[in-house]
Amino acid sequence: MSNPSPTKTVREWTEFGAAKLDEAGLWFGHGTDNAFDEAAELVFFAAGLRHEEAGAVYEQIVPAEQAARIADLIERRIRERVPAAYLTRRMWFAGHEFYVDERVLVPRSPIAELIEAGFSPWITSDRIHNLLDIGTGSGCIAIAAALALPNARVDASDVSLEALEVTKINIARFQLDQRVRAVQSDVFAGLGAGRYDVIVSNPPYVGDDEMTQLPQEYSREPRMALHSGVDGLDITRRILQGARTHLNDRGILVVEVGNSEIALEEAYPRVPFIWLEFERGGGGVFLLTAEQLDEYFPRK
Ligand SMILES: C[S@@+](CC[C@H](N)C(=O)[O-])C[C@H]1O[C@@H](n2cnc3c(N)ncnc32)[C@H](O)[C@@H]1O
């Protein structure tokens, strides 16, 4: 790749990187949605800069050693079609920086917004004493929830032991060992009789057809973090069937199903799913109260 001259600024490197990424026809869906933001993350990471100081550092010259690192990252992002977060080993979620690698999905759920709002207006945050995150991956939802709800205990569960290794790295990073527990569980199977005020999940929800059409970047993520049966709803069905048993009265269930929202509505036409709206975009997240579960998916 022909690089900008060795005396380019942060801004020039970012513009150069963005042009290269754009030209390569990459997919941006893992934390950024455009070439400029993706290039900025690679440049700031390689140059050891913080995004908060962008205004102050934009016109600084990037030293040669860091410039070489930037060029290498841009080249790898293009050649390997790997999400930038797997190159930098970091991603922000609900304002917090998480460690990530190929063992976990790159955090990007719109549920971050709901967590930042302390699950308001659906439940008063001081009524949340314990919370379960099913399919925790990096632990981003569980940990962000624990940080937003300082009095809550959180179970961060996943069936993947590899993913749970990353969850544990993040639990330690945020010093939450006393309040966040990493638990191996196949949906509810490993949780015993545990009951929660909030059950939240961003489970795998991609169906067979959609799996074959995903841009190459997604093939870098664990298949089990994405795929969930023919119509993408295998895990969601199990969550719906078991949730009431593990939810306290007046509790809430929040589940992301993304594009499988339509398939879910077709599968359960009588259920009045509440579809949440997000200011920062994204959708396909439903909420059901314990009362609604009593009616449509009663405790077994
Ligand atoms: C879409 S990823 C979500 C990761 C993380 N919660 C996030 O939002 O970034 C789904 C996660 O569910 C886990 N998973 C898949 N099948 C599961 C099952 N049967 N029981 C529990 N977790 C499961 C995967 O290992 C993966 O970590």
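Structure first, text after, so check above.
Right, let's walk through the structure included here. Only a predicted model underlies this, so the values are computations on that prediction, with no experimental measurement involved. (Residues numbered from 1 in each chain as written. Predicted model: local features only at pLDDT ≥ 70, side-chain atom pairs only at ≥ 80, totals over all residues. Heavy atoms only, no water.)

What follows is about the sheet that holds strand S3 (residues 130–134). Strand order in the open sheet formed by seven strands is S5-S4-S3-S6-S7-S9-S8, and the pairing between neighbours is mixed. Two strands bound the open sheet, and with one partner strand each, they are strand S5 (180–184) and strand S8 (274–275). Where S8 lies against strand S9 (residues 285–289), two bridges are found, and the strand directions are antiparallel. Paired with Ile274 across the strands is Leu287, a residue of S9. Strands in contact with helix H8 (residues 161–173) are strand S4 (153–158) and S5; relative to S5, the strand with the most contacts, it is inclined by about 175°. (Pairing = 2+ DSSP bridges. Helix = DSSP H or I, 4+ residues; strand = E, 2+ residues; numbered from the N terminus. Contact = heavy atoms within 4.5 Å. Axes fitted to C-alpha atoms, helices over the stretch in contact; angles between N-to-C directions.)

Leaving glycine aside, a negative phi is the common case for residues, and trans is the common case for peptide bonds. Geometrically, the link from Ser120 to Pro121 is a cis peptide bond, its omega value of 5° lying close to zero. Position of Pro121 relative to the elements: it lies in the loop between helix H6 (111–116) and S3. Of note, Arg81 is a non-glycine position whose phi angle comes to about 50°, a positive value. Phi at Arg89 is positive, roughly 60°, even though this residue is not glycine. As for its placement among the helices and strands, Arg89 is situated in the loop between helix H5 (84–88) and strand S1 (90–93).

What surrounds the ligand is a group of 20 residues, the closest being Gly135, Asp158, Asp186, Val187 and Asn202. Between the ligand and the protein, one listed contact pairs a nitrogen atom with a backbone N or O atom of Gly135 at 2.7 Å. Val187 places a main-chain nitrogen or oxygen 2.9 Å from a nitrogen atom of the ligand. Relative to its unbound accessible surface of 600 Å², the ligand loses 96% to contact with the protein. Put simply, the parts of the chain that give the shell around the ligand at least two residues each are helix H7 (140–148) and helix H10 (234–246). Of the residues assigned to the shell around the ligand, the class counts are 11 nonpolar, six polar and three charged. (Near = heavy atom within 4 Å. Polar contact = N/O pair within 3.5 Å; in protein donor to acceptor, adjacent residues only side chain to side chain. Areas by Shrake-Rupley, 256 points an atom, 1.4 Å probe, with all protein chains shown as cover. Nonpolar A, V, L, I, M, F, W, Y, C, P; charged D, E, K, R; others polar.)

The next subject is the nonpolar core. Within soluble globular proteins, side chains that are nonpolar tend to cluster in buried spots. If you look at the biggest cluster of nonpolar residues, it comprises 35 residues, and the most contacted ones within it are Trp13, Leu21, Ile70 and Ile74. Secondary-structure elements contributing two or more residues to this core are helix H1 (10–23), helix H2 (35–47), helix H4 (64–79), H5 and H8. Ranked by the residues each element gives to this core, the list is headed by H2, at seven residues. Contacts of Leu21, omitting those with residues within four sequence positions, involve Leu26, Phe28, Ala35, Glu38, Ala39, Ile74, Arg77 and Ile78. Within the second largest apolar cluster, 34 residues are counted, among which are Ala94, Ile141, Ala142 and Phe278. (Core = buried A, V, L, I, M, F, W, Y, C linked by side-chain atoms within 4.5 Å. Buried < 20%, exposed > 50% of the residue type's maximum accessible area, 1.4 Å probe, protein only.)

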